[in-house]
Amino acid sequence: VTERREVVVVGAGPAGLAAAIALREAGVGDVLVLEREREAGGIPRHADHTGFGLRDLRRVLSGPAYARRYAELAERAGAEIRTRAQVTGWAEPAASGTAAPAADASDGPGSLEVTSPAGRARIEARAVVLATGCRERPRPARLVPGARPPGVMTTAMLQQLVYLEHARLGGTALVAGAEHVSFSAVLTLAHAGARVAALVTEHPRHQTLAAVRWGARLRHGAPLVTGAEVTAIHGRRRVEGVDLRDLRGGAIRRVACDLVVFSAGWVPDNELAAMAGTALDPASRSPVVDAALRTTRPGLFAAGNVLHGAEPADAAALGGRHVAGPVSRWLAEGDWPARRVPIACEPPLLWAAPAAIEPGAGPPPRGRIVLRAARFHRPARLAARQDGRVLWRGRRTRIVPGRSMSIPAGWTRAVDPAGGGVSIGIEA
Ligand SMILES: Cc1cc2nc3c(=O)[nH]c(=O)nc-3n(C[C@H](O)[C@H](O)[C@H](O)COP(=O)(O)OP(=O)(O)OC[C@H]3O[C@@H](n4cnc5c(N)ncnc54)[C@H](O)[C@@H]3O)c2cc1C
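Residues numbered from 1 in each chain as written. Predicted model: local features only at pLDDT ≥ 70, side-chain atom pairs only at ≥ 80, totals over all residues. Heavy atoms only, no water.

Visitor: How should the overall build of the protein be read in this particular structure?
Guide: Looking only at helices and strands, the protein has 9 helices and 27 strands in total. Here the protein has a C-alpha radius of gyration of 22 Å; the compact-globule value for 428 residues is 22 Å, and the two agree. Once the C-alpha set of the protein is aligned to its principal axes, its extents read approximately 60 × 55 × 45 Å. Classification of the 428 residues of the protein by burial places 54% in the buried group. Sequence separation of 24 or more characterises 64% of the internal contacts of the protein that already satisfy a separation of 6 or more. Just so you have it, the protein exposes about 18,600 Å², and 50% of that area is on carbon and sulfur atoms. (Helix = DSSP H or I, 4+ residues; strand = E, 2+ residues; numbered from the N terminus. Rg over C-alpha atoms; globule rule 2.2 N^0.38 Å. Buried < 20%, exposed > 50% of the residue type's maximum accessible area, 1.4 Å probe, protein only. Contact = heavy atoms within 4.5 Å. Areas by Shrake-Rupley, 256 points an atom, 1.4 Å probe, with all protein chains shown as cover.)

See below:
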C-alpha cells in the first residue's frame, strides 16, 4: 500500500524541522518529516555545549535545548514527525523498472521506501525535501592503515557516546583535525574525563576562531600540531598510539594515546539524491541546486548541510526555512526549470552552494552564495565570470579551508541563461 502525502521532508535536523515549520506557516496542509533516529533534532541533540540558534532563533542555546525547541515548534506548527523511520531509497516505478523515478514526472519526484519498527512502507509525495545533513569521514574513508582496535571514532560518534549514553572515557585522545568541530571534540573529551594529546592538522594553522583555539589551549592544555597527518594507528585490543607524519620533511613520530577522534572532513549524506539520479557537484558531492534549492529532479528539493558540510546549525535552519517558498510554488504551479547554469570553482576554491543559477529562482538562502577553499590563501580579490564576462568582483580577507566565506548573489540576475557555466576564482 502506498501512503500519499503532500510534502515529505527527509531528516529532522535543524534544516528539516525549519522547513516543516515554514511550510506549515506558508499554508501547506500536509507535511510529514521522516527521521531515522529515535528523536527529532539532528546533530545538535548530542552537541551538548552552547552556541546554537543566534541567527535563526535570536538566542543562544545549548545543542540539545535548540534541538528540543525546533521539534516543539514543528509539532506546534502542525507537521507530523515520524521518528525511527529511515528512508532507504526510491521505490521502483512499475513502468520503467529503474531505481530512480521518471525524470519528467510532473506530479512529484517519486515514492520513497521507508523502514520503521512498523515494517516497510512506500510513501509518495508531491514534493520531497532532502535535509539529511552531512557526516564526518570515518577512519575507513580516510584510508588510515594499521590495526583496527576500538576507540577510533568521529566527533559525532564521540558526542553520542558521551552525551546520549553518558560514557566516561578517561585516558588520552588524539584529535585529527583543527576545525571548529575539532575544538568541540576537545570540550567533549574534557567533559568525559579524557586528556587531549594533540590536535593534528595537515594545514599550517588551525581553522577555527583564535579565541576558540586559545580557550582549548589554556583550559584543556590541548597542543596543536600543524603540517602533519595520522598515517597509522597502533594497538590490538585498544588504541595504544598513532604515527604522525610531518608533511614538510616526511619524518614519522609515534604519539601515545588511548582514543583517536577523526573530526571534520565532511561528506554530505547524499545517498538519496544519488539514487534519485539528480546531479551531484563533482567537488562537494552535494546535490546541485539553484537558489530555490531545486535539484535537477522535478519536485525534489534539498536544504541544510547536505548542501554545505558543515555550516552552523542556524545557517542550515535558515536554508530549511528558505525552501518553503519554492516548495509552495511547485505545489501551486508545477514549474521546474529545464536548464540551469552550473557554477564551478577554480582552485584553491573548492565548491559553491548553491552550485547552479536559474535566473528566475530569486535569491539564495540569506541572499548569499557560500564558498569553500581547499587551503589557506592570502587576502585576495575574487571574481565570478561567465563566458569571459565579469559578473562580480570582491575582496575576501579570510580564505580558510574548512570554513565558509560568502559572497553576495545579486549578480546572478545578470547570468545569461543560454550561456556557458559560471566560474568563480581568485584574480591574480
Ligand atoms: C560535533 C559538532 C558540533 C557542532 N557544534 C555546533 C555549534 O556549536 N553551533 C552550531 O551552530 N552548529 C554546530 N554544529 C553544526 C550543526 O550541528 C549542523 O549545522 C546542523 O546540525 C545541520 O543541520 P541539518 O538539519 O542540515 O543536518 P543534521 O543535523 O545532520 O540532521 C540531519 C538529520 O537527517 C537524518 N537522516 C539522514 N538520512 C536519513 C534517512 N535516509 N532517513 C531518515 N532520516 C535521515 C539524520 O538522522 C539527522 O537527524 C556542530 C556539528 C557537530 C558535528
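Visitor: Got a minute to help me understand the pairing of strand S25 (residues 389-396) in this structure?
Guide: On a regular strand, each side chain points to the face opposite its neighbour's, so the side chains alternate between the two faces of the sheet. Here strand S24 (residues 380-386) runs beside S25; their pairing, made up of 7 bridges, is antiparallel. Each residue of the ladder has a partner; that of Leu382, found in S25, is Gly394. What sits between S24 and S25 in their antiparallel hairpin is a turn of 2 residues, with Asp387 showing a positive phi close to 50°. (Pairing = 2+ DSSP bridges.)

Visitor: Hey, could you run me through the site of the ligand in this one?
Guide: Around the ligand lies a shell of 34 residues, among which Ala15, Glu35, Asn305, Glu311 and Ala313 are the nearest. One of the side-chain N or O atoms of Glu35 is found 2.7 Å from an oxygen atom in the ligand. Here Pro312 contributes a backbone N or O atom positioned 3.4 Å from an oxygen atom of the ligand. Out of a free accessible area of 1,000 Å², the ligand has 92% covered by protein chains. (Near = heavy atom within 4 Å. Polar contact = N/O pair within 3.5 Å; in protein donor to acceptor, adjacent residues only side chain to side chain.)

Visitor: Looking at this model, I keep getting lost on empty space enclosed by the protein. Mind explaining?
Guide: In this approach, a probe sized like a water molecule rolls over the atoms, and the result shows the empty space that is left. In the structure shown here, the tally under the stated rule is 2 cavities of 30 Å³ or more. Considering only enclosed or pocket space, the largest cavity measures out at about 190 Å³ in volume. Lining the largest cavity are 15 residues; nearest its centre among them are His308, Ala353, Pro365, Arg368 and Val370. Residue assignment for the lining of the largest cavity shows that the elements contributing at least two residues are helix H9 (313-333) and strand S23 (368-373). In terms of residue class, the lining of the largest cavity is made up of 9 nonpolar, 3 polar and 3 charged. For the second largest cavity, the calculated volume is near 40 Å³. As for the second largest cavity, its lining consists of Asp281, Ser284, Ser286, Pro287, Leu307, Ala352, Ala353, Pro354 and Ala355. A breakdown of the residues in the lining of the second largest cavity according to their chemical character gives 6 nonpolar, 2 polar and 1 charged. (1 Å grid on protein atoms, 1.4 Å probe; cavity = no way out; pocket = protein on both sides within 12 Å on 5 of 7 lines; lining within 4 Å. Points joined across faces, edges and corners; volume = space filled by probe spheres on them. Nonpolar A, V, L, I, M, F, W, Y, C, P; charged D, E, K, R; others polar.)

Visitor: I keep staring at H9 and nothing clicks. Help me out?
Guide: Given a rise of 1.5 Å per residue, 21 residues ought to cover 30 Å, and the 31 Å separating the end C-alpha atoms of H9 matches this to within 8%. Phi for Gly334, located one or two positions after H9, is positive at around 70°. (Expected span 1.5 Å × (residues − 1).)

Visitor: Before we go on, may I ask you to explain the sheet that holds strand S14 (residues 228-234) in this structure?
Guide: In sheet architecture, strand pairing relies on hydrogen bonds along the backbone and comes in two forms, parallel and antiparallel. Pairing in this open sheet of 3 strands is antiparallel, and the strands run S14-S15-S16 from one edge to the other. Every other strand in the sheet has two partners, leaving S14 and strand S16 (252-256) as the edge strands with one partner each. Each strand axis lies, on average, 30° off the axis of its neighbour in the sheet, ignoring direction. Where strand S15 (residues 241-246) and S16 come together, 5 bridges link them in antiparallel fashion. Directly across from Leu244, in S16, lies its bridge partner Arg253. (Axes fitted to C-alpha atoms, helices over the stretch in contact; angles between N-to-C directions.)

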